[in-house]
Amino acid sequence: MATQDHDFRKLIAKMEPLVRRAFLDAIARASSHIDERALATLIAAGRIDEAVQLLRIDQSHLWPLQEAVRNSMLSGGKLAEAVVNQGLRGVFSFNGRHQRAEAWLSQHGAQLIEGITTQSEASVRSVLVQGLQEGRSSRSVALEITGRKVGRQRVGGVIGLTSAQTDQVLSARAMLLDPERIRENFVRDQKTGRWKPRFKLSDRRFDRMIRKAIDNGTALAPADVDRVIEAHKSKALGYRGRVIAKHEARTAIAIGREQGFQQALERPDVEAVTVRWQHNLSKEPREEHVAMNGTEIQLGESFEFPDGTRMKHPHDESAPARHRIGCNCMAMYRVRFRRG
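Criteria and thresholds
Residues numbered from 1 in each chain as written. Predicted model: local features only at pLDDT ≥ 70, side-chain atom pairs only at ≥ 80, totals over all residues. Heavy atoms only, no water. Disulfide = S-S within 2.5 Å. Buried < 20%, exposed > 50% of the residue type's maximum accessible area, 1.4 Å probe, protein only. Salt bridge = Lys/Arg side-chain N within 4 Å of Asp/Glu carboxyl O. Helix = DSSP H or I, 4+ residues; strand = E, 2+ residues; numbered from the N terminus.

K.L.:
Give me the state of the cysteines: which residues, what numbers.
P.N.:
Here, the word disulfide means a covalent bond between the sulfur atoms of two cysteines. Enumeration over the complete set of coordinates arrives at zero disulfides. Cys329 forms no disulfide, and the closest cysteine sulfur to it belongs to Cys327, at a distance of 3.7 Å. With a relative accessible area of 2%, Cys329 lands in the buried category.

K.L.:
Please set out the pattern of salt bridges residue by residue, giving values where relevant.
P.N.:
Under the criterion given, the structure shown has 25 salt bridges. With its nearest N and O atoms 2.8 Å apart, the salt bridge here joins Glu36 to Arg139. Of the two residues, Glu36 is situated in helix α2 (residues 36-44) and Arg139 in helix α6 (residues 138-146); the sequence distance between them amounts to 103 residues. Judged by relative accessible area, Glu36 falls into the partly exposed class, the value being 21%. Lys78 is paired through a salt bridge with Glu81; the nearest N and O atoms lie 3.5 Å apart. Here Lys78 and its partner Glu81 are both found in helix α4 (residues 59-84), three residues apart, which amounts to about one turn of the helix. On the basis of relative accessibility, which here comes to 47%, the residue Lys78 falls in the partly exposed class. Its relative accessible area of 15% is what places Glu81 among the buried residues. Several salt bridges share partner residues, and in doing so they unite Arg136, Glu144, Arg173, Asp226 and Lys233 into one network.

Structure, rendered in structure tokens:
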């Protein structure tokens, strides 16, 4: 059993960086293929819908991300394979082309791409609308969306950000440009009593410059605001990459393990498979998950939570986000073989 825990953690440590890099590379490719001149023309003409379509992330850019998730799922299946073969007289091999595996990969991949593109479109539209309302130049708004070119890539754009992240960026820009609101950039930490940036993903390197403007009773110069916001967006994109990597890698590995044991259970020499919930340490443990620690069910059954949630295993996609996002729990499987 200890091997399952070790191998699970080792695989997560391997796959999360690969998924994160695949996401960031996809966004970099999508951003680098934008026709900046055509975008500026559409913005100048107020043709928002066409501009949004021009900035839509093409599926071909996200294909490597799907592959990284697919490899995570297949690797999870291999973990199940290793456990089953410890007590099997014959040899069990996980079938990554099984109908269930293929169906999950197809459906999940489509949902993943749709989620990223939909969020990105919403972000782009927000920037376009606000930029036009403020009367900013088409080039200024275009750069707000695409970021500036550094070598062959663009940095500091909103492509790939969530709507919430983009809303924070727009709010931060408005505060920093307004001498009456720039103080709102900082809030007091309830635990330490110290002042800190309002937004967690603000780049702290600019704190001194912003405080100086506050002391002088002025706003930041537009060029300085561009620098601050560009850094904020870059940091936000990196954060989103980490969130996607953690969620997608762990979900795919968990699904692969479950499907691997399901395939094993279909063998005539396997009598039963049990699933035990194991709560692993986290900064903010969920009380329900702590209480579930050690609970055991038969494969195919569901863990039942006091709030009515049912989960077949940690990271079960059918569960609400509050039970999945950031969860460090894992399932421990035990295989009982038929004898004789």
